[in-house]
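So you can see what is in the structure, the chains are spelled out below.
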Amino acid sequence: MNISFFSTQTYDKDFFDKHNQPYGFDLTYYEAKLTDDTCTLAAGANVVCVFVNDHLSHPVIQQLAGHGVKLIALRCAGFNNVDLKAAKENNIKVVRVPAYSPHAVAEHALAMIMTLNRKTHKAYNRIREQNFSLSGLLGVDLNGKTVGVIGTGNIGQVFCTIMTALGCRVLAYDPNQHASITNLGVRYVSLTELLSQSDILSLHCPLNEHTRYLVNADTINQMKQGVMLINTSRGGLIDTKAVIEGLKSGKIGSLGIDVYEQEENLFFQNLSEQIIVDDTIARLVSFPNVLITAHQGFFTYEALSQIAETTRANIKAFVNQKPLVNEVSI
Ligand code: NAD
């Protein structure tokens, strides 16, 4: 079984080589993103293994089918970057890793909240320059604050548990309600109520046609003055230009994002010697109350191990013509 990996980083190779040892699949790693231009690299492969910013558009999928690819194995949970209709038409199955350490992403959301609130990133730099002043580092107690959670699946539930343990009042919005968190005291409310009451808002829903630009000028207007907004889910959930206006007016008091709508041109690369032409990210970086991380929520040892193991199991099930428990289809 030949498997071509796209968007490969050294850590992908380390974890996948380790998990492949007992099975001996033939793995080929490419640093390149899967696009129209790089599709030919998949020639001779039965499976392509891809990540969040690979482009599985209609033309790419057609090309993959022409090269003999039969399976797209996503090594992530989200599948918004795959044209599922095209995959079906071309008789290519799609599998994903639906859950891998929800703690990794939920804890990263907490890290962003803690950093933005207590400004430890600024304190770190100050102390290195022998500036021991506390001016400008004032935060608030999280205890007693209202946290709004949009999306209470695997990650959202862990996040609710963490915030409840910190003494926060947690409100949730999700078309599917989960008793495990209502038992903790989390209260499901309407989106309008959640937006108007939350001191901190954290997004944990998938990106789809219903949730694209869920955070926009209108919903920002409904939020509390000075709200902290955290997005560790997908960049397309927020209209970044509207959020910039919200930051400029002070309606949004602080912003933590691990994902960005145009991240595919930036994230996972060292661009420190280049001129960034994306003025939107450049503006975001310029705000003192904005924290950006480059899609690292998933990046823990436990999560990478689970991603490699589930992907291997997905491919093995496909090879052995067993049911594909992690298949995504339309
Ligand atoms: P999940 O499928 O377990 O949960 C998603 C929840 O969102 C579900 O309960 C669903 O009912 C809810 N939902 C769907 N539409 C909604 C809407 N319109 N409003 C409110 N809720 C809605 O997914 P998960 O494993 O918890 O992951 C959540 C998201 O986190 C993924 O879609 C992915 O985009 C993102 N993610 C990010 C990273 C990272 O590294 N930053 C890693 C993994 C996942």
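Fair warning: this is a prediction, and the values are worked out from it, not measured in the lab.

A. Up close: the domain arrangement of the protein chain. Here the protein chain is partitioned into domain 1 (2-100 + 301-319) and domain 2 (102-292). Spacing between the C-alpha centres of domain 1 and domain 2 amounts to 30 Å. At the interface, 13 residues of domain 1 touch 9 residues of domain 2. Across the domain 1 to domain 2 interface the summed buried area is about 930 Å²; carbon plus sulfur atoms make up 45%. Looking only at domain 1, the three residues that lose the most surface to domain 2 are Asn53, Asn80 and Tyr100, adding up to 42% of its buried area. Seen at the junction of domain 1 and domain 2, the total is 0 salt bridges. Counting the contacts that link domain 1 with domain 2 gives 5 residue pairs in polar contact (both at pLDDT 80 or more).

B. Highlighting empty space enclosed by the protein. Applying the stated criterion across every chain, the model contains 2 cavities of 30 Å³ or more. When its volume is computed, the largest cavity comes out at roughly 70 Å³. Along the walls of the largest cavity sit Ile3, Phe5, Phe16, His19, Asn20, Phe25, Leu27, Ala308, Thr311, Arg312 and Ile315, which together make up its complete lining. Contributing elements (two or more residues each) for the lining of the largest cavity: β1 (2-5), α1 (10-20) and α12 (301-319).

C. Local environment of the packing of helix α4 (residues 102-118) against helix α6 (residues 154-165). Where α4 contacts α6, the axes come no closer than 8 Å and their chain directions differ by 50°. The orientation of α4 relative to α6 falls into the category oblique. For the crossing formed where α4 meets α6, the hand is right-handed. Side by side, α4 and α6 meet where Pro102, His103, Val105, Ala106, Glu107, Ala109, Leu110 and Ile113 of the first sit next to Asn154, Ile155, Val158, Phe159, Ile162 and Met163 of the second. Per-class residue counts for the contact of α4 with α6 are 11 nonpolar, 2 polar and 1 charged.

D. Broad picture of the nonpolar core. The biggest cluster of nonpolar side chains holds 47 residues, and the ones touching the most others in it are Leu56, Leu64 and Ile72. For this core, the leading source of residues is α12, giving 6 residues. Leave out the neighbours within four places in its chain, and Ile72 touches Val48, Val50, Leu56, Ile61, Leu64, Ile92, Lys93, Val94 and Val95. Counting residues in hydrophobic clusters, the runner-up holds 32 residues, among them Leu214, Ile220, Leu266 and Leu284.

E. Structural detail: the environment of Gly44. Relative to the helices and strands, Gly44 is located in the loop between β2 (26-29) and β3 (47-50). The exposure class of Gly44 is exposed, given its relative accessible area of 52%. Counting along the chain gives 275 residues from Gly44 to Val319, while the straight-line C-alpha distance between them is 16 Å. Not counting residues up to four positions away in its chain, the partners in contact with Gly44 are Asn2 and His67.

F. Summary view of the site of the ligand. Around the ligand, the structure places 25 residues, and the nearest of them are Asn154, Ile155, Asp174, Asn176 and Thr232. Within the side chain of Asn176, an N or O atom sits 2.8 Å from an oxygen atom of the ligand. Residue Ser233 places a main-chain N or O atom 3.2 Å away from an oxygen atom belonging to the ligand. Calculation on the ligand without its partners gives an accessible area of 860 Å², and the protein chains cover 86% of this total. Using a 2 Å cut-off from the grid points, one finds that the ligand occupies the largest pocket. Split into classes, the residues belonging to the shell around the ligand amount to 10 nonpolar, 12 polar and 3 charged.

G. Region of the structure containing the layout of surface pockets. Space inside the largest pocket adds up to approximately 1100 Å³. His204, Cys205, Pro206, Leu207 and Ser233 are the residues nearest the centre of the largest pocket, which is lined by 45 residues in total. Taken together, the elements giving at least two residues each to the lining of the largest pocket come down to α4 and α6. Examining the composition of the lining of the largest pocket, we find that 3 residues originate from one element, α6, more than from any other. Taken together, the residues that form the lining of the largest pocket break down as 22 nonpolar, 18 polar and 5 charged. If you trace the second largest pocket, you find 20 residues lining it, with Leu116, Lys119, Met228, Gly253 and Ser254 closest to the centre. Sorting the residues of the lining of the second largest pocket by element identifies α4, α5 (120-128), β10 (227-231) and β11 (252-257) as the ones contributing at least two each. Looking at side-chain class alone, the lining of the second largest pocket contains 8 nonpolar, 8 polar and 4 charged residues.

Conventions used here
- Residues numbered from 1 in each chain as written.
- Predicted model: local features only at pLDDT ≥ 70, side-chain atom pairs only at ≥ 80, totals over all residues.
- Heavy atoms only, no water.
- Domains from an automatic or database assignment.
- Contact = heavy atoms within 4.5 Å.
- Buried area = accessible area lost by both parts, 1.4 Å probe.
- Salt bridge = Lys/Arg side-chain N within 4 Å of Asp/Glu carboxyl O.
- Polar contact = N/O pair within 3.5 Å; in protein donor to acceptor, adjacent residues only side chain to side chain.
- 1 Å grid on protein atoms, 1.4 Å probe; cavity = no way out; pocket = protein on both sides within 12 Å on 5 of 7 lines; lining within 4 Å.
- Points joined across faces, edges and corners; volume = space filled by probe spheres on them.
- Helix = DSSP H or I, 4+ residues; strand = E, 2+ residues; numbered from the N terminus.
- Axes fitted to C-alpha atoms, helices over the stretch in contact; angles between N-to-C directions.
- Parallel < 35°, antiparallel > 145°, perpendicular 65-115°, else oblique.
- Left-handed = near helix turned anticlockwise from the far one by under 90°.
- Nonpolar A, V, L, I, M, F, W, Y, C, P; charged D, E, K, R; others polar.
- Core = buried A, V, L, I, M, F, W, Y, C linked by side-chain atoms within 4.5 Å.
- Buried < 20%, exposed > 50% of the residue type's maximum accessible area, 1.4 Å probe, protein only.
- Near = heavy atom within 4 Å.
- Areas by Shrake-Rupley, 256 points an atom, 1.4 Å probe, with all protein chains shown as cover.
- Sits in = over half its atoms within 2 Å of the grid points.

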